[in-house]
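Breakdown of the fold
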Amino acid sequence: MTVTLEVSEGVGTLRLERPPMNALDVATQDRLKELAEEATRREDVRAVVIYGGEKVFAAGADIKEMQNMDHAAMIVRSRDLQDSFTAVARIPKPVVAAVTGYALGGGCELALCADFRIAADNAKLGQPEILLGLIPGAGGTQRLPRLVGPSKAKDLIFTGRMVKADEALAIGLVDRVVPAADVYTEAHAWAARLAQGPAIALRAAKEAIDTGVETDLETGLAVERNWFAGLFATEDRERGMRSFVEEGPGKAKFL
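Not measured: the values here are computed from a predicted model. Position labels on residues start from 1 in each chain and follow its written sequence. Note on the predicted model: pLDDT of at least 70 is required for a residue's local features to be given, and 80 or more for side-chain atom pairs to be given and counted; whole-chain, interface and lining totals, by contrast, use all residues. By convention in this description, side-chain values take in all heavy atoms of the structure and omit both hydrogens and water.

**Notes on the overall build of the protein**
- We count a stretch as a helix when DSSP gives it H or I for four or more residues in a row; a strand needs E for two or more, and each element gets its number in order from the N terminus. Helices and strands together make up the secondary structure of the protein, namely 11 helices and 9 strands.
- Against the 2.2 N^0.38 benchmark of 18 Å for 255 residues, the protein shows a C-alpha radius of gyration of 19 Å, consistent with a compact globule.
- Expressed as lengths along the three principal axes of its C-alpha atoms, the size of the protein is roughly 65 × 40 × 35 Å.
- The cut-offs for exposure are 20% and 50% of the maximum accessible area for each residue type, with area from a 1.4 Å probe on protein chains only; residues under the lower value are buried, those over the upper are exposed, and the others partly exposed. When the 255 residues of the protein are sorted by exposure, 45% land in the buried category.
- His residues and chain termini do not enter the charge count, which takes Lys and Arg as positive and Asp and Glu as negative. A charge is said to be at NZ when it belongs to Lys, at CZ for Arg, at CG for Asp and at CD for Glu. Across the protein, the 31 positively charged side chains and the 37 negatively charged ones have centroids separated by 1 Å. Based on C-alpha atoms, the radius of gyration is set beside the globule rule, defined as 2.2 Å times the residue count to the power 0.38.

Below you can see the structure in the form of structure tokens.
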């Protein structure tokens with residue numbers, strides 16, 4: 001299998017397994033979508049890590065496969081390509097990308113679908129599609145500027161250059177840089193901590209933020225208001241407030 005889903009401590013690890021570079025061919029894209037949807041459905045998965053292994057996250061699309069596609073074929077495939085990545089972005093649970101080695105093209109776009117990115121100190125990220133006479137097609141022109149701003153996104157997309165981990169951290173492309181040997185451990189620990197939290201409230205927070213950045217302030221506030229009021233119907237809200245009153249802040253158990 002080119003992508004697997006393993007669950008431990010409430011954390012589902014979506015692992016890319018297509019050596020040597022985890023090139024994202026059609027079969028891998030389809031499998032990624034299938035397992036992202038499974039992670040969404042499964043109650044034992046409360047947070048997700050995306051991981052490509054110790055050496056590389058994903059070096060991009062399978063260029064040899066793409067070279068054989070004409071305009072008509074890509075009109076059909078481009079929707080499926082975006083849908084596979086959107087399935088990851090729409091997992092209604094905390095998602096962290098554990099980035100080692102190269103995260104280029106589709107690999108970078110996959111990392112952009114996470115809520116949080118932990119990178120190895122040897123990581124290199126970029127959108128080199130322009131060097132092929134193309135532009136990013138799996139969300140890069142949309143998610144990257146929303147994360148780092150239009151100017152930085154244009155720099156990376158127009159030039160196709162790679163950025164090292166320290167620059168990626170400085171521009172906000174990644175959120176934390178750690179030694180390469182610690183990337184997965186750190187990512188799993190981040191996800192496992194959130195997996196202990198109130199699942200519905202975390203889902204509400206993610207949806208409110210993701211919806212809010214795509215729309216106007218008034219609409220975003222309405223989304224927040226509806227989720228905020230709705231959470232008063234949950235057991236987690238009752239448990240959290242009762243624990244706060246009886247034991248003090250930060251001691252509620254939500255499992």
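Anyway, onward from the coordinates.
**Examining the pairing of strand S4 (residues 95-99)**
- The element S4 is extensively covered by neighbouring structure, given that 5 of its 5 residues are classed as buried.
- Any two strands are treated as partners once DSSP identifies two or more bridges connecting them. Taken together, the 4 bridges between S4 and strand S6 (residues 116-120) define a ladder with parallel strand orientation. Each bridged residue has a counterpart across the sheet, and for Val99 the counterpart in S6 is Ala119.

**What to know about the sheet that holds strand S5 (residues 102-104)**
- Spatial ordering of the open sheet is given by S5-S7-S8, a layout of 3 strands whose pairing is mixed. Each edge of the sheet is formed by a strand with only one pairing partner; in this case those strands are S5 and strand S8 (162-164). Looking at each pair of strands side by side, their axes are set apart by 20° on average, direction ignored.
- Inspection of the sheet shows strand S7 (residues 124-126) paired to S8 by 3 bridges, in the antiparallel sense. Following the sheet pairing, Gly126 is matched in S8 by Met162. Here, axes are lines fitted to C-alpha atoms. For helices the fit covers the stretch in contact, and angles between N-to-C directions go from 0 to 180 degrees.

**Regarding the packing of aromatic side chains**
- Each pair of aromatic rings taken from Phe, Tyr and Trp, with Trp reduced to its six-membered ring, is defined by centres within 6.5 Å and is described as stacked if the planes are under 30 degrees apart, edge-to-face if over 60, and tilted in the remaining cases. Enumeration over the complete set of coordinates arrives at 3 aromatic pairs.
- Note on Tyr51 and Tyr184: the rings are 4.7 Å apart at their centroids and 35° apart in plane angle, and the pair reads as tilted. A residue pair is termed long-range when its members are at least 10 positions apart, and Tyr51 in strand S3 (residues 47-51) and Tyr184 in helix H8 (residues 183-195) qualify at 133 residues.
- What makes Tyr184 partly exposed here is its relative accessible area of 28%.
- Aromatic pair Phe116 and Trp190: ring centres 4.9 Å apart, planes at 5°, arrangement stacked. With Phe116 in strand S6 and Trp190 in helix H8, this pair connects stretches of sequence that are 74 residues apart.
- For Phe116, a relative accessible area of 17% corresponds to the buried category.

**Some thoughts on the state of the cysteines**
- For this text, the term disulfide refers to a pair of cysteine sulfurs within 2.5 Å. Tallied over the full model, the rule gives 0 disulfides.
- Between Cys108, a free cysteine, and Cys113, which holds the nearest cysteine sulfur, the sulfur-to-sulfur gap is 10 Å.
- Judged by relative accessible area, which is 2%, Cys108 ranks as buried.

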